[in-house]
Every structure is written in C-alpha cells, then in structure tokens.
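Next come the chains, spelled out residue by residue.
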Amino acid sequence: MPVMTQTTRRVTYRGDPAGAFLLADLLQREGVTVEWEPPHEQRGLAEIGQGVIVAIAARGTLAAIEAAVAMFRKHMHDKTETEVTIEDDDPED
C-alpha cells in the first residue's frame, strides 16, 4: 500500500469573498489542514462585485488538495472571475 506523504501548498484564491470560505471548507472536508485569514465579507452596495485575493496554507496529501480544488472549480464553473492556483510551498518536496 503506497504511503501518502503530507505536503504544504499555497492555494491562492482570487474572486468573490464567499468563494474563499467555500474553498477552505472543501479543503477541510478532504482532510487538509488550512491556515488562512478569512476576508471580511461586506454586504453593502459599494462592496458587491469586489474581489479578494486570499492565500491559504494547505497541509495534507497533494491528492487531497488537488481533489478539493477540482471540486471547487467544478462548483464554480460559470464564475469566470474566480481563479484558484496551487503553488509549492514545501521546500522538502
């Protein structure tokens, strides 16, 4: 049975503040530990449509991180203003 090694990846989210919360939740559901500063979601007219950039430190298996991001992208398929990237933060990999 293969050993699933733990890794740390920086997951960068760009888009609506609510999407950042969904992404963090999906990562946690896949067993990934997340460290991040949630954006302050504003509900006023001036803030509607404003995007945020959020960096999430995700620690878990690369397969779990990629699975959560894939689920997020599938869920947000029609949101062209949403972008998620996975970057290598673990110098030991």
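Up top you'll find the structure we're talking about.
Residues numbered from 1 in each chain as written. Predicted model: local features only at pLDDT ≥ 70, side-chain atom pairs only at ≥ 80, totals over all residues. Heavy atoms only, no water.

Draft legend 1. Spatial organisation of the side chain of Thr 82. Summarising the element assignment, Thr 82 is placed in the loop between α2 (62–75) and β4 (83–88). By relative accessible area, Thr 82 is classed as buried at 17%. Beyond its immediate stretch of four places on either side in the chain, Thr 82 contacts Tyr 13, Arg 14, Gly 15, Phe 72 and Met 76. (Helix = DSSP H or I, 4+ residues; strand = E, 2+ residues; numbered from the N terminus. Buried < 20%, exposed > 50% of the residue type's maximum accessible area, 1.4 Å probe, protein only. Contact = heavy atoms within 4.5 Å.)

Draft legend 2. Molecular detail of the sheet that holds strand β3 (residues 52–61). Sheet architecture is open: four strands sit in the order β2-β3-β1-β4, paired in antiparallel fashion. The outermost strands of the open sheet, each flanked by one partner alone, are β2 (33–35) and β4. Mean inter-strand twist for the sheet, computed between neighbouring axes without regard to direction, equals 25°. Looking at chain direction, strand β1 (residues 6–15) and β4 are connected through six bridges and run antiparallel. For Thr 12, the partnering residue across the bridge sits in β4 and is Thr 85. (Pairing = 2+ DSSP bridges. Axes fitted to C-alpha atoms, helices over the stretch in contact; angles between N-to-C directions.)

Draft legend 3. Structural view of the environment of Glu 81. Residue placement: Glu 81 occurs in the loop between α2 and β4. For Glu 81, a relative accessible area of 53% corresponds to the exposed category. A C-alpha to C-alpha distance of 8.0 Å links Glu 81 and Asp 16, two positions 65 residues apart in sequence. For Glu 81, the residues in contact, after removing those within four places along its chain, are Arg 14 and Gly 15.

Draft legend 4. Highlighting helix α1 (residues 17–29). Along its 13 residues, α1 runs 19 Å from first to last C-alpha, staying within 8% of the 18 Å computed at 1.5 Å per residue. Where α1 is concerned, the buried positions are Pro 17, Gly 19, Ala 20, Leu 23, Ala 24, Leu 26 and Leu 27. On its buried side, α1 packs onto β1, β2, β3, α2 and β4. Its side-chain oxygen at 2.9 Å from the backbone nitrogen of Ala 18, Asp 16 defines the N-terminal cap of α1. In the segment just after α1, Gly 31 is the residue with positive phi, at about 90°. (Expected span 1.5 Å × (residues − 1). Polar contact = N/O pair within 3.5 Å; in protein donor to acceptor, adjacent residues only side chain to side chain.)

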